[in-house]
Structures are given as C-alpha cells and as structure tokens.
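What follows is the residue order along each chain.
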Number of protein chains: 2
Amino acid sequence: MENTAIDTQKKFQNFFWKANETRNGVCPVRDIIARISDKWTILTIYALGGYGTLRFNEIKKLIGDVSQRMLTVTLRNLEADGLVERHVYAEVPPRVEYTLTPLGYGLMEQLVQLAGWAEDNSQAIMKNRKG
Amino acid sequence: MENTAIDTQKKFQNFFWKANETRNGVCPVRDIIARISDKWTILTIYALGGYGTLRFNEIKKLIGDVSQRMLTVTLRNLEADGLVERHVYAEVPPRVEYTLTPLGYGLMEQLVQLAGWAEDNSQAIMKNRKG
DNA sequence: ATTAATAGTTACTTTTGGTAACCCAAAATT
DNA sequence: AATTTTGGGTTACCAAAAGTAACTATTAAT
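Residues numbered from 1 in each chain as written. Chains lettered and ligands numbered in written order. Predicted model: local features only at pLDDT ≥ 70, side-chain atom pairs only at ≥ 80, totals over all residues. Heavy atoms only, no water.

A. Structural detail: the pattern of salt bridges. Applying the stated criterion across every chain, the model contains twelve salt bridges over all chains. Between Arg95(A) and Glu91(A) there is a salt bridge, with its nearest N and O atoms 2.9 Å apart. Glu91(A) gets classed as partly exposed once you look at its relative accessible area, which sits at 36%. A cluster of three or more residues bridged by salt bridges with shared partners is formed by Asp31(A), Arg35(A), Asp81(A) and Arg129(B). (Salt bridge = Lys/Arg side-chain N within 4 Å of Asp/Glu carboxyl O. Buried < 20%, exposed > 50% of the residue type's maximum accessible area, 1.4 Å probe, protein only.)

B. Region of interest: the sheet that holds strand S1 (residues 54-55) of chain A. Residue and element names in this part refer to chain A. Read from one edge to the other, the open sheet built from three strands follows the order S1-S3-S2, with strand pairing classed as antiparallel. Each end of this open sheet is capped by a strand with a single partner; those strands are S1 and strand S2 (84-89). Relative to the sheet, helix H4 (residues 41-51) contacts S1, S2 and strand S3 (95-100), its axis offset from that of S3 by approximately 90 degrees. Taken strand by strand, helix H6 (residues 68-80) contacts S2 and S3, and its axis lies near 115 degrees from that of S2. (Pairing = 2+ DSSP bridges. Helix = DSSP H or I, 4+ residues; strand = E, 2+ residues; numbered from the N terminus. Contact = heavy atoms within 4.5 Å. Axes fitted to C-alpha atoms, helices over the stretch in contact; angles between N-to-C directions.)

C. Geometry of the packing of helix H3 (residues 28-36) of chain A against helix H7 (residues 102-130) of chain B. Contact geometry of H3(A) with H7(B) gives a least axis separation of 8 Å together with a crossing angle of 85 degrees. Comparing their axes, H7(B) and H3(A) come out roughly perpendicular. Seen from H3(A), the contacting residues are Pro28(A), Val29(A), Asp31(A), Ile32(A), Arg35(A) and Ile36(A); seen from H7(B), they are Leu114(B), Ala115(B), Trp117(B), Ala118(B), Glu119(B), Ser122(B), Ile125(B), Met126(B) and Arg129(B). (Parallel < 35°, antiparallel > 145°, perpendicular 65-115°, else oblique.)

By themselves, these figures tell us nothing about what the structure is for.
So, in structure tokens, the structure goes:
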C-alpha cells in the first residue's frame with residue numbers, strides 16, 4: 001500500500017479520517033457511529049426530538065415495529081450516554097417519560113440534516129436499486 | 001394516546017417525523033437509516049470520501065477490523081444503491097477500485113457533519129457513561 | 001373475581017454478523 | 001519445475017444480536 005491513493009491526500013485524511021484516532025483508547029467518531037448504528041436508536045431520537053417528551057408506549061407506537069425489549073435496550077443505552085432522560089412517576093399503572101437532553105438535541109439536529117438529505121435523494125437511490 | 005404530547009405538536013411532527021410516511025410503499029428516511037445502520041457502511045463511505053478512489057484491500061486496511069466478507073457485503077449494498085462505483089480491471093492479480101458517486105458524496109457530507117458533532121461532544125458522552 | 005392498563009423482564013427462536021478456510025490465474029521466488 | 005504470493009473475493013460454519021411470545025407487578029374499574 002505504498003504510493004497509492006492513500007499517500008496522496010494526507011491533509012484530506014487528517015481532516016476526515018478520525019476513525020482510527022483514539023483518545024485515551026476510545027475513538028470518538030467510531031464510538032458515536034457504533035451507538036447510532038442500529039435499527040432503533042436513530043428512530044428513537046427522531047421521535048423524541050420531534051415530539052418532545054414521550055412515554056414508553058408512545059415511542060413504541062410512533063416507531064411502530066420496534067419490540068418492547070429492543071425499545072427498552074435502546075432507551076437504556078441512550079440514557080447511559082446522557083442523550084435521553086428518564087423520569088419515572090410513582091403511579092399505577094406506571095408512567096415513565098423520556099426526553100432528549102441538550103446533548104440529545106444536538107444529535108437530533110444532525111439526524112434532521114441526514115433525514116433531509118434522505119428525503120431529497122431517496123428517489124435517486126430507489127431508481128438505482130431497481131435498474 | 002389522545003391529548004398527549006403527540007397531539008400537541010402537529011407542525012413539528014409534520015416537519016420532522018417522516019419515518020412513517022411512505023412514498024409508493026417506501027419511507028425514504030427509514031430506508032436510508034436502514035442502509036447506514038450497520039457497523040461498516042458509514043466507515044466505508046467515510047474512507048472513500050476521505051481518500052477518493054480506493055482498492056478493496058486499502059479500504060480493508062483503513063477500517064482495520066472489518067472482515068473480507070462484511071466489506072464485500074457492504075460494498076455490494078452501496079453499489080446497488082448507486083452510492084459507490086465499482087471498477088474491475090482485467091488484471092492478474094485482480095484490481096478493483098471503488099469510488100463514491102455524486103450521490104455517495106452527498107451522504108458523505110452528512111456523515112462529516114455527524115463526525116464533527118461526534119468529536120465535539122465525545123467527552124461529554126464519555127463523562128456521562130462512566131459517572 | 002376478572003379484566004385492563006403501563007412498563008417492563010425472561011426464555012426461546014431466528015436472523016445477522018464474524019471467523020477461517022478455500023478459490024482463481026499469473027508472476028515471482030526457490 | 002514446483003511452490004509461493006498476490007488481490008478480491010466465496011463458502012461453510014459458529015457466535016452474537018435481534019425478534020417473538022409469554023410472563024410480571026400493582027391498582028382501579030367492571
């Protein structure tokens with residue numbers, strides 16, 4: 001791999017390719033990618049960002065095809081990273097409300113951009129996929 | 001789910017929540033999310049976007065921990081959607097080069113935004129994760 | 001006494017992803 | 001002359017993740 005495209009664009013590399021840089025053993029970009037790279041995390045943040053506070057079953061109904069187990073797992077992970085806040089009210093039946101933290105809203109903004117791009121370009125992608 | 005937060009933000013909903021809207025049976029946002037929501041797609045696009053044209057094994061070495069099989073699968077999917085172009089040169093040993101299409105570069109731009117956010121906020125996320 | 005409601009958990013099955021071995025043809029090495 | 005190396009895969013097999021269904025708690029309503 002000497003004198004290939006890899007060697008030619010060092011500046012570009014250094015700017016873009018953070019995937020192999022680690023900060024005390026953790027690569028920030030990879031870490032975030034790993035967190036959002038599953039079927040439900042993005043949709044969950046998107047739901048919370050779009051509606052504000054939501055209860056567990058409200059998120060579940062909005063997403064539609066997420067299982068109870070996977071929504072629980074997803075929300076716990078988001079909570080652990082400080083992207084989502086969980087408020088339990090001592091009522092029966094239980095009431096649990098979820099909200100994005102400021103950090104979560106920051107990610108939401110990125111996802112809104114991504115969703116916008118997805119909308120604008122979905123027809124092109126569909127056309128490729130068939131032809 | 002009547003008269004909850006869900007009913008209160010219709011405009012916000014209509015703007016943000018495209019995840020349940022379908023266009024001839026396909027939801028653009030969900031479709032894109034499904035495509036990028038795996039461990040290797042984002043990293044692959046990121047590599048190609050950062051370095052321009054790359055050969056199979058160059059991508060593999062850059063990412064580092066992707067298996068041959070999964071990189072093949074990832075690249076084939078990206079190719080099928082028109083995000084990546086695959087050029088096979090009739091040489092021995094074979095030479096296969098991959099490049100982002102304009103569509104792929106569009107997605108790359110979104111991912112660069114996302115990666116920027118990830119870098120800026122990784123410390124905050126790490127702090128939450130431990131405490 | 002039974003049912004309904006909310007927010008889960010647990011056990012089990014299926015799907016997906018990861019690992020290692022193998023393939024091809026020619027050029028370089030022994 | 002025979003073996004090894006090369007690049008870009010494929011195939012078979014195994015582990016991990018996700019999906020499914022059933023179960024739980026507690027109280028109010030029927």
